[in-house]
Amino acid sequence: MTARPNPPEPESNPHEVMPIAMPETMDPWIGRSLKKYALVARLGRGGMGVVYLGEDTILKRVVAIKMISQTLTGEANAVRRFLREARAAAQLQHANVASLYDIDKDQGVHFLVMEFVPGPTAQQLIEQGGLPWRAATQIVADACRGLAAAHAAALIHRDIKPANIFLSQTGEVKLGD
């Protein structure tokens, strides 16, 4: 068995994130809350919506919050799909899949709350010059184990790409979205 790549050294501040295209000062959600979740920083944007770094203000833990896009909120089929996929994902527990903690609606916005995996994505590692083939193979194998577990639970990821493969600070590989 090959060793996993050494993860980057832990940051002193778990809320520090990579900058994205839109400055946080322009994002109206930064600094606001959805129910018990404070929105701290914008992590990225996908086809279904925007993902934020957040904090569960009751449990005092860092989380990832995915808000369904405002344009999709008005589409009944998109909201039904979002809720159906969230319910199915909540049943999935696997070491290589980021856990789903909660789903809710507040201020007219549907959102889900997931495990935040501090560390680089496979995309970031590729952009930093790539990985030795053995380390890359191990990451892909771990991601495939998570994907196989999702498929066994009748879940289809729909967006497998390096940016959705996360490496924790301990070297654990997790699929996210």
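Above this text you will find the structure in question.
Residues numbered from 1 in each chain as written. Predicted model: local features only at pLDDT ≥ 70, side-chain atom pairs only at ≥ 80, totals over all residues. Heavy atoms only, no water.

Asks: What is the right way to read unusual backbone geometry from this model?
Replies: Across the chain, the bulk of peptide bonds are trans and the bulk of non-glycine residues have phi less than zero. Located in the positive-phi region is Lys60, a residue other than glycine, with phi close to 60°. Relative to the helices and strands, Lys60 is located in the loop between β3 (49-56) and β4 (61-68). Despite not being glycine, Gln107 has its phi angle at roughly 55°, a positive value. By the element assignment, Gln107 lies in the loop between β5 (100-106) and β6 (109-115). (Helix = DSSP H or I, 4+ residues; strand = E, 2+ residues; numbered from the N terminus.)

Asks: When you look at helix α2 (residues 76-90) in this model, what are you seeing that I'm missing?
Replies: Along an α-helix, residues three or four apart share an orientation, since each turn contains 3.6 residues. If you check α2, its first and last C-alpha atoms are 21 Å apart, about what 15 residues at 1.5 Å a residue would give, namely 21 Å. On its buried side, α2 packs onto β4, α1 (70-73), β5 and β6. (Expected span 1.5 Å × (residues − 1). Contact = heavy atoms within 4.5 Å.)

Asks: Looking at this structure, I do not really get the packing of aromatic side chains. What am I missing?
Replies: The geometry of an aromatic ring pair comes down to the distance between the two centres and the angle between the two planes. Considering all chains together, one arrives at one aromatic pair under this definition. Geometrically, the ring pair formed by Tyr37 and Phe111 is edge-to-face, given 6.1 Å between the ring centres and 75° between the ring planes. Taken as a pair, Tyr37 in strand β2 (residues 37-45) and Phe111 in strand β6 lie far apart in primary sequence, 74 residues in all. Classification of Tyr37 as buried rests on a relative accessible area of 3%. In this structure Phe111 comes out as buried when scored by relative accessible area, which is 0%. Here the guanidinium or amino end of Arg32 rests over the ring plane of Trp29, the centre of that ring lying 4.0 Å away. The ring of Tyr101 is capped by Arg61, whose NZ or CZ atom sits 3.7 Å from the centre of that ring. (Phe/Tyr/Trp six-rings, centres within 6.5 Å; stacked < 30°, edge-to-face > 60°. Buried < 20%, exposed > 50% of the residue type's maximum accessible area, 1.4 Å probe, protein only. Lys NZ or Arg CZ within 6 Å of the ring centre and 35° of its normal.)

Asks: Quick question: what am I supposed to make of the pattern of salt bridges here?
Replies: Charged atoms that come close allow side chains of opposite charge to pair. For the structure on display, the rule yields seven salt bridges. Between Asp56 and Lys36 there is a salt bridge whose closest N-O contact spans 3.3 Å. Separated by 20 residues along the polypeptide, Asp56 in strand β3 and Lys36 in the loop between β1 (33-34) and β2 bring together distant segments of the chain. For Lys36, a relative accessible area of 27% translates into the label partly exposed. Between Lys174 and Glu115 there is a salt bridge whose closest N-O contact spans 3.3 Å. Of this pair, Lys174 sits in strand β8 (residues 173-175) while Glu115 sits in strand β6, and the two are 59 residues apart along the sequence. One exposure class covers both Lys174 and Glu115, and it is buried. (Salt bridge = Lys/Arg side-chain N within 4 Å of Asp/Glu carboxyl O.)

Asks: Looking at this structure, how should I read the pairing of β6?
Replies: For a regular strand, the rule is simple: side chains alternate between the two faces of the sheet. Counting buried positions along β6 gives seven out of seven residues, so the element sits mostly inside the fold. Here five bridges tie β4 to β6, and the two strands are oriented antiparallel to one another. Across the sheet, residue Met67 finds its bridge partner in β6, namely Phe111. Here β5 runs beside β6; their pairing, made up of six bridges, is antiparallel. What sits directly across from Asp102, in β6, is Val113. (Pairing = 2+ DSSP bridges.)

Asks: Could you clarify how one ought to interpret the nonpolar core in this entry?
Replies: Soluble, globular proteins show a tendency: their nonpolar side chains are buried together. Core analysis: the largest hydrophobic core is formed by 15 residues, its most contacted members being Ile68 and Leu112. Elements that contribute at least two residues to this core include exactly β3, β4, α2 and β6. The element best represented in this core is α2, accounting for four residues. With residues near it in sequence (within four places) discarded, Ile68 still touches Met48, Gly49, Thr73, Ala78, Val79, Phe82, Val109 and His110. Core analysis: the next-biggest nonpolar cluster, separate from the first, contains 12 residues, Leu34, Leu39, Met67 and Val109 among them. (Core = buried A, V, L, I, M, F, W, Y, C linked by side-chain atoms within 4.5 Å.)

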